[in-house]
Amino acid sequence: GRILVERGEIAREQLSMQSIRAWLGANPAKAHALMNENASFVFFKELAIADPKLGADGAQGVALRPEASLAVDLRFHGLGAPKWIEANAPGADSAPDVPFQRLVVAQDTGGAIRGPVRGDVYWGAGAKAENIAGRMAHKGKLYVLLPKPVAARLN
């Protein structure tokens with residue numbers, strides 16, 4: 001996505017998983033060369049999921065919960081820490097943005113999540129979750145919730 005924006009192929013404000021897929025489909029002769037410019041690989045291991053309403057196990061070793069699990073940068077956040085998010089999220093399909101304010105738990109990590117105020121909400125599985133996740137790039141606020149004694153030690 002970053003390369004496509006730098007080259008003026010996709011406007012920054014239009015960048016999403018869906019716009020990248022559309023560009024790749026519309027430019028098959030350029031797609032392979034573009035993908036070879038970013039040597040980033042993610043390897044997956046297919047596992048059975050015990051409860052289809054939940055996700056695969058995250059880095060914390062527990063099943064990810066749709067709209068309640070957050071991937072974070074471990075240089076700044078510990079797994080299992082509760083967080084409060086205040087942001088907007090894409091509506092389903094092409095619906096307008098909706099408020100997204102809720103308690104989440106840091107339960108996973110991600111290669112593109114870098115920095116103290118970055119996170120990736122696990123939206124679940126299926127077409128609706130994919131549609132929302134692919135368009136989620138909203139700014140918001142992230143609050144770390146700590147017991148008073150821990151917060152006092154950090155000050």
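Structure report, in brief. The written sequence of each chain sets the order in which its residues are numbered from 1. Only residues with pLDDT of at least 70 are given local features in this predicted model, and only at 80 or more are side-chain atom pairs given and counted; all residues enter the totals for whole chains, interfaces and linings. Note: side-chain values were computed over all heavy atoms of the structure, leaving out hydrogens and water.

A regular strand places its side chains so that they alternate between the two faces of the sheet. Of the two faces of strand S2 (residues 82-89), the one lined by Lys83, Ile85, Ala87 and Ala89 is fully buried and the one lined by Pro82, Trp84, Glu86 and Asn88 carries no buried residue. Across 8 bridges, S2 lies against strand S3 (residues 98-108) in antiparallel orientation. When the bridges of S3 are listed, Ala87 appears paired with Phe100. Pairing of S2 with strand S5 (residues 140-144), which is carried by 5 bridges, proceeds in the antiparallel orientation. Paired with Lys83 across the two strands is Val144, which belongs to S5. When a residue's accessible area, from a 1.4 Å probe over protein chains only, is under 20% of the maximum for its type it is buried; when over 50% it is exposed; and in between it is partly exposed. Numbering of helices and strands runs from the N terminus; a helix is a DSSP stretch of H or I covering at least four residues, while a strand is a stretch of E covering at least two. At least two DSSP bridges between two strands are needed for those strands to be called paired.

In this section: the packing of helix H2 (residues 17-26) against helix H4 (residues 127-135). Axis lines are fitted through C-alpha atoms, for helices just across the contact stretch, and the angle between N-to-C directions can take any value from 0 to 180 degrees. Where H2 contacts H4, the axes come no closer than 6 Å and their chain directions differ by 90 degrees. One way to sum up the angle between H2 and H4 is to call them roughly perpendicular. Residue-level contacts link Met17, Gln18 and Arg21 of H2 to Glu130, Asn131, Gly134 and Arg135 of H4. A class-by-class count of the residues in the contact of H2 with H4 yields 1 nonpolar, 3 polar and 3 charged. Here the word oblique covers every angle except those under 35 degrees (roughly parallel), over 145 (roughly antiparallel) and from 65 to 115 (roughly perpendicular). Contacts are assigned to residue pairs that have any heavy atoms within 4.5 Å of one another. Three categories are distinguished: nonpolar for Ala, Val, Leu, Ile, Met, Phe, Trp, Tyr, Cys and Pro, charged for Asp, Glu, Lys and Arg, and polar for the others, with Gly belonging to the last.

In this section: the side chain of Gln107. Note on placement: Gln107 falls in strand S3. Gln107 gets classed as buried once you look at its relative accessible area, which sits at 12%. Beyond its immediate chain neighbours, meaning those up to four positions away, Gln107 contacts Gly58, Ala59, Gln60, Val62, Ala63, Leu64, Arg65, Ser69, Leu70 and Leu79.

Moving on to the nonpolar core. Residues belong to a common nonpolar core when they are buried Ala, Val, Leu, Ile, Met, Phe, Trp, Tyr or Cys residues joined through side-chain atoms within 4.5 Å. Formed by Leu70, Val72, Ile85, Ala87, Ala89, Phe100, Val104, Ala106, Val121, Trp123, Ala129 and Ile132, the largest nonpolar core amounts to 12 residues. When residues of this core are traced back to their parent elements, those giving at least two are S2, S3 and H4. In this structure Trp123 touches Pro66, Glu67, Ala89, Phe100, Ala129, Ile132, Ala133 and Met136, once residues within four positions along its chain are discounted. If you look at the next biggest cluster of nonpolar residues, it comprises 5 residues, including Ile3, Leu4, Trp23 and Leu34.

A separate point is the environment of Ile132. Here Ile132 lies in helix H4. You can call Ile132 buried: its relative accessible area is 7%. Taking the C-alpha atoms as reference, Ile132 lies 17 Å from Arg102; in sequence the two are 30 residues apart. In this structure Ile132 touches Pro90, Gly91, Ala92 and Trp123, once residues within four positions along its chain are discounted.

All right, on to the pattern of salt bridges then. Side chains bearing opposite charge may pair, as long as their charged atoms lie close to each other. The working definition used for a salt bridge is a side-chain nitrogen of Lys or Arg within 4 Å of a carboxyl oxygen of Asp or Glu. Throughout the structure, instances matching the rule amount to 5 salt bridges. Notably, a salt bridge pairs Arg102 with Glu67, separated by 3.2 Å at the nearest N-O pair. Of this pair, Arg102 sits in strand S3 while Glu67 sits in the loop between helix H3 (28-36) and strand S1 (69-71); the two residues are 35 residues apart in sequence, bridging distant segments of the chain. Between Arg75 and Asp73 there is a salt bridge whose closest N-O contact spans 2.6 Å. Look at Arg75 and you get exposed, because its relative accessible area is 58%. Classification of Asp73 as buried rests on a relative accessible area of 3%.

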